[in-house]
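What follows is each chain in one-letter form.
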Amino acid sequence: MRTPLLAGNWKMYKTPADTQAFFDGFLPLVAGTTGRDAAICPPYIDLAVALAAAKGSNVGIGAQNLATGKEGAMTGEISGYMLQTIGVKYVIIGHSERRQFFGENEAGVLSKTIAALEYGLIPIVCVGELLAERESGSTEAVLGAQFDGGIAPLTPEQFAKIVIAYEPVWAIGTGKVASPEQAADAHTFIRGKVAAKFGAAAAEATRILYGGSVKPDNVAGLMAKPDIDGALVGGASLDPKSFAAIVNF
Ligand code: 13P
């Protein structure tokens, strides 16, 4: 049985003071919640406040990116080692915004995933197609190539520790959510790729999250699909009440 994971990706939003205010409102709303994992991935600058606020709670804290290696002359970068030392649990890797605006590719996704695992972080590895790719019927080819390049080269031991997030780029921040059927089709395809590469037991155990305009009023329909194991939530994770409603779906 896969434990659902509901994770908030704050992107480039919220100051440390905003972060404290969020947790003050959010934690009481999920304090009694069981049977699922919840996470918040704030900007680096907010991690310390988030970790202190969430300490002893059922909410894990994640980063939105990491640099490979332990430490070094890498101006502006933060390593998995550094994240681990402060108690970060998850790290988002290969988000479409990183691919689109920062030139990340499959090779980078793979090396960052390995770097995260090396320091005991749980990578949330993102895949997803552009609108033009969906419209031209190449969704599965794109997802397949992202899986083959960024995920398939992992060892079975490494793979067993990752979470995959399917985020159709056309649904991110657009208010245009994939229908539960569209999302489920993509998840089933990805799980099939996992089965072919890592075997049936791995496919059964792997959590595949959906991301793209997840809101309190559409989360239940998505989560009703057996292949959808959680959500990676942008905009709706910024508000304590709305993200709590998603976590408590
Ligand atoms: P929205 O929920 O704002 O569409 O963002 C989705 C996303 O990119 C989460 O990583």
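Note that this is a predicted model, so its numbers are computed, not measured.

## A word on the overall build of the chain
For step 1, the next point in the chain: The secondary structure content of the chain amounts to 12 helices and 8 strands.
For step 2, the next point in the chain: Rg of the C-alpha trace for the chain: 17 Å, near the compact-globule value of 18 Å for 249 residues, within the 12% margin.
For step 3, the next point in the chain: Oriented by its inertia axes, the alpha-carbon framework of the chain measures out at about 45 × 45 × 35 Å.
For step 4, the next point in the chain: Residues classed as buried in the chain amount to 51% of the 249 residues present.
For step 5, the next point in the chain: Contacts spanning at least 24 positions in sequence make up 72% of the contacts within the chain whose residues lie at least 6 apart.
For step 6, the next point in the chain: Positive and negative charge centroids in the chain, built from 20 and 24 side chains respectively, lie 3 Å apart.

## Observations regarding the site of the ligand
For step 1, the next point in the chain: Near the ligand you find 13 residues, and of these Lys-11, His-95, Gly-173, Ser-213 and Gly-235 are the closest.
For step 2, the next point in the chain: Between the ligand and Gly-234, the relevant distance is 2.9 Å, taken from an oxygen atom to a main-chain nitrogen or oxygen of the residue.
For step 3, the next point in the chain: Residue composition of the shell around the ligand, by class: 4 nonpolar, 7 polar and 2 charged.

## Things to note about the packing of helix H1 (residues 16-30) against helix H2 (residues 47-54)
Relative placement of two packed helices is described by the angle separating their axes and the distance separating the axes.
For step 1, the next point in the chain: Closest axis-to-axis distance for the H1/H2 pair is 9 Å, and the angle between their directions is 20°. The orientation of H1 relative to H2 falls into the category roughly parallel. Crossing of H1 against H2: the hand is right-handed. Here Pro-16, Thr-19, Gln-20, Phe-23 and Leu-27 of H1 lie close against H2, whose contacting residues are Val-49, Ala-50, Ala-53 and Ala-54.
For step 2, the next point in the chain: Of the residues assigned to the contact of H1 with H2, the class counts are 7 nonpolar, 2 polar and no charged.

## Things to note about the pattern of salt bridges
For step 1, the next point in the chain: Counting across every chain of the model gives 12 salt bridges.
For step 2, the next point in the chain: The salt bridge involving Arg-207 is made with Asp-37; its shortest N-O contact spans 2.9 Å. One end of the pair, Arg-207, is in the loop between helix H10 (200-205) and strand E7 (208-211); the other, Asp-37, is in strand E2 (residues 37-41), and 170 residues separate them in sequence.
For step 3, the next point in the chain: Overall, the relative accessible area of 15% leaves Arg-207 in the buried class.
For step 4, the next point in the chain: On the accessibility criterion, Asp-37 (26% relative accessible area) is partly exposed.

## Considering the nonpolar core
For step 1, the next point in the chain: Counting residues in hydrophobic clusters, the biggest one holds 62 residues, and the most contacted among them are Phe-23, Phe-26, Ile-151, Phe-159, Ile-164 and Tyr-210.
For step 2, the next point in the chain: Here Phe-159 is in contact with Phe-147, Ile-151, Leu-154, Ile-164, Val-194, Phe-198, Ala-202 and Thr-206, once residues within four sequence places are set aside.
For step 3, the next point in the chain: In terms of nonpolar packing, the next biggest core, distinct from the first, is built from 12 residues, Leu-5, Ala-39, Ile-92 and Val-163 among them.

## A word on helix H7 (residues 139-150)
For step 1, the next point in the chain: The end-to-end C-alpha distance of H7, which contains 12 residues, comes to 16 Å, matching closely the 16 Å that a straight helix rising 1.5 Å per residue would cover.
For step 2, the next point in the chain: Taken residue by residue, H7 has Thr-139, Val-142, Leu-143, Gly-144, Gln-146, Phe-147 and Gly-150 as its buried positions.

## Details of the side chain of Ser-79
For step 1, the next point in the chain: Position of Ser-79 relative to the elements: it lies in the loop between strand E3 (59-63) and helix H3 (80-86).
For step 2, the next point in the chain: Reaching out from Ser-79, the side chain makes a polar contact with the backbone oxygen of Lys-70 at a distance of 2.7 Å.
For step 3, the next point in the chain: Beyond its immediate stretch of four places on either side in the chain, Ser-79 contacts Ala-67, Gly-69 and Lys-70.

Rules used throughout
Residues numbered from 1 in each chain as written. Predicted model: local features only at pLDDT ≥ 70, side-chain atom pairs only at ≥ 80, totals over all residues. Heavy atoms only, no water. Helix = DSSP H or I, 4+ residues; strand = E, 2+ residues; numbered from the N terminus. Rg over C-alpha atoms; globule rule 2.2 N^0.38 Å. Buried < 20%, exposed > 50% of the residue type's maximum accessible area, 1.4 Å probe, protein only. Contact = heavy atoms within 4.5 Å. Lys, Arg positive; Asp, Glu negative; His and termini not counted. Charge placed at Lys NZ, Arg CZ, Asp CG, Glu CD. Near = heavy atom within 4 Å. Polar contact = N/O pair within 3.5 Å; in protein donor to acceptor, adjacent residues only side chain to side chain. Nonpolar A, V, L, I, M, F, W, Y, C, P; charged D, E, K, R; others polar. Axes fitted to C-alpha atoms, helices over the stretch in contact; angles between N-to-C directions. Parallel < 35°, antiparallel > 145°, perpendicular 65-115°, else oblique. Left-handed = near helix turned anticlockwise from the far one by under 90°. Salt bridge = Lys/Arg side-chain N within 4 Å of Asp/Glu carboxyl O. Core = buried A, V, L, I, M, F, W, Y, C linked by side-chain atoms within 4.5 Å. Expected span 1.5 Å × (residues − 1).

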